[in-house]
Structures are given as structure tokens and as C-alpha cells.
Amino acid sequence: MKTPEFLKKPYSMPAGLLVSSAEIFGHPAFTSVGSLRLFFIALGCDDEEAVTKALCEWLKVGRKFPTPADIRDLIVAQKTTSQALDASHA
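Conventions and cut-offs
Residues numbered from 1 in each chain as written. Predicted model: local features only at pLDDT ≥ 70, side-chain atom pairs only at ≥ 80, totals over all residues. Heavy atoms only, no water. Helix = DSSP H or I, 4+ residues; strand = E, 2+ residues; numbered from the N terminus. Buried < 20%, exposed > 50% of the residue type's maximum accessible area, 1.4 Å probe, protein only. Polar contact = N/O pair within 3.5 Å; in protein donor to acceptor, adjacent residues only side chain to side chain. Core = buried A, V, L, I, M, F, W, Y, C linked by side-chain atoms within 4.5 Å. Contact = heavy atoms within 4.5 Å. pLDDT = per-residue confidence, 0-100.

## Comments concerning the environment of S35
- Looking at the element boundaries, S35 is found in helix 2 (residues 33-43).
- Overall, the relative accessible area of 29% leaves S35 in the partly exposed class.
- Polar contacts involving the side chain of S35 include one to the main-chain carbonyl oxygen of S32, which spans 3.0 Å.

As C-alpha cells, then:
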């Protein structure tokens, strides 16, 4: 399992959003960097922008703390929508 590159930065927007989401949704705080890293490894996406967009969308529409699968589903849906828009403009 590979740690996403964006988690190796001094500040990671996706990590910050996920930690904030835990507080907003009343989820227990991450007690270690390892558990935070594991969430993103399970997510399986290295695209920092896509992960950030999906987490921001979850904050708008989610009713509970997201699982990696929840965020992955949003990333896939966003890519599908983007590809459909690109195709319609071609």
C-alpha cells in the first residue's frame, strides 16, 4: 500500500478537510498520523485536487462522516461528469 504524495507535504488540504470533517460530523478525532494515512491509502486516489473536491462536496451533502468508499464514489462520479461534459463540447 502506497501513501499518497499529498500526505507527504507539510500541509495537505485533503488531510485538513478530513480532520475538520471528523469534528463537524462528531466522529472521533484521528489519534495518529497512521490512521489518517490509512484512510487515504484505502481511498486509493493520489489526485489531490480530485480528493479535495470530493471532500468539499461531501461537506455540502453528507450527513455522516465519510468512509473511503464514500469519497471514492464521489471522485468517480465527478470524473464521469467531467468526461461527459468534455465529450459534449467536442
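After that view of the structure, there is still more to cover.
## Remarks on the nonpolar core
- Within the largest apolar cluster, 20 residues are counted, with the highest numbers of intra-cluster contacts made by L18, F40, L43, V51, L55, I71 and I75.
- Secondary-structure elements contributing two or more residues to this core are helix 1 (13-24), helix 2, helix 3 (48-61) and helix 4 (68-88).
- Take this core: its biggest share by element is five residues, from helix 3.
- When sequence neighbours within four positions are dropped, the list of residues in contact with I71 reads F39, L43, A54, L55, W58 and P66.

## Some remarks on the side chain of D70
- Following the sequence through the fold, D70 ends up in helix 4.
- With relative accessibility at 18%, the residue D70 sits in the buried group.
- The residues touching D70, leaving out its near neighbours within four places in the chain, are W58, K64 and F65.

## Topic: the side chain of S12
- Note on placement: S12 falls in the segment before helix 1.
- For S12, a relative accessible area of 7% corresponds to the buried category.
- Not counting the four nearest positions on each side in its chain, S12 is found in contact with F6 and L7.

## Some thoughts on the environment of L18
- Its location among the elements puts L18 in helix 1.
- Look at L18 and you get buried, because its relative accessible area is 0%.
- Taking the C-alpha atoms as reference points, L18 and P66, 48 residues apart in sequence, are found 8.7 Å from one another.
- If we skip the residues at most four places from it in the chain, L18 touches F30, L36, F39, F40, L55, F65 and P66.

## Quick notes on helix 2
- Taken together, the buried positions of helix 2 are L36, F39, F40, I41 and L43.
- Of the surrounding elements, those touching the buried residues of helix 2 are helix 1, helix 3 and helix 4.

## Structural notes on the confidence of the model for the protein chain
- When pLDDT is averaged across the protein chain, the result is 91; 99% of the residues are at 70 or more.
- Within the protein chain, the element-level pLDDT minimum falls on helix 4, averaging 87, and the maximum on helix 3, averaging 96.

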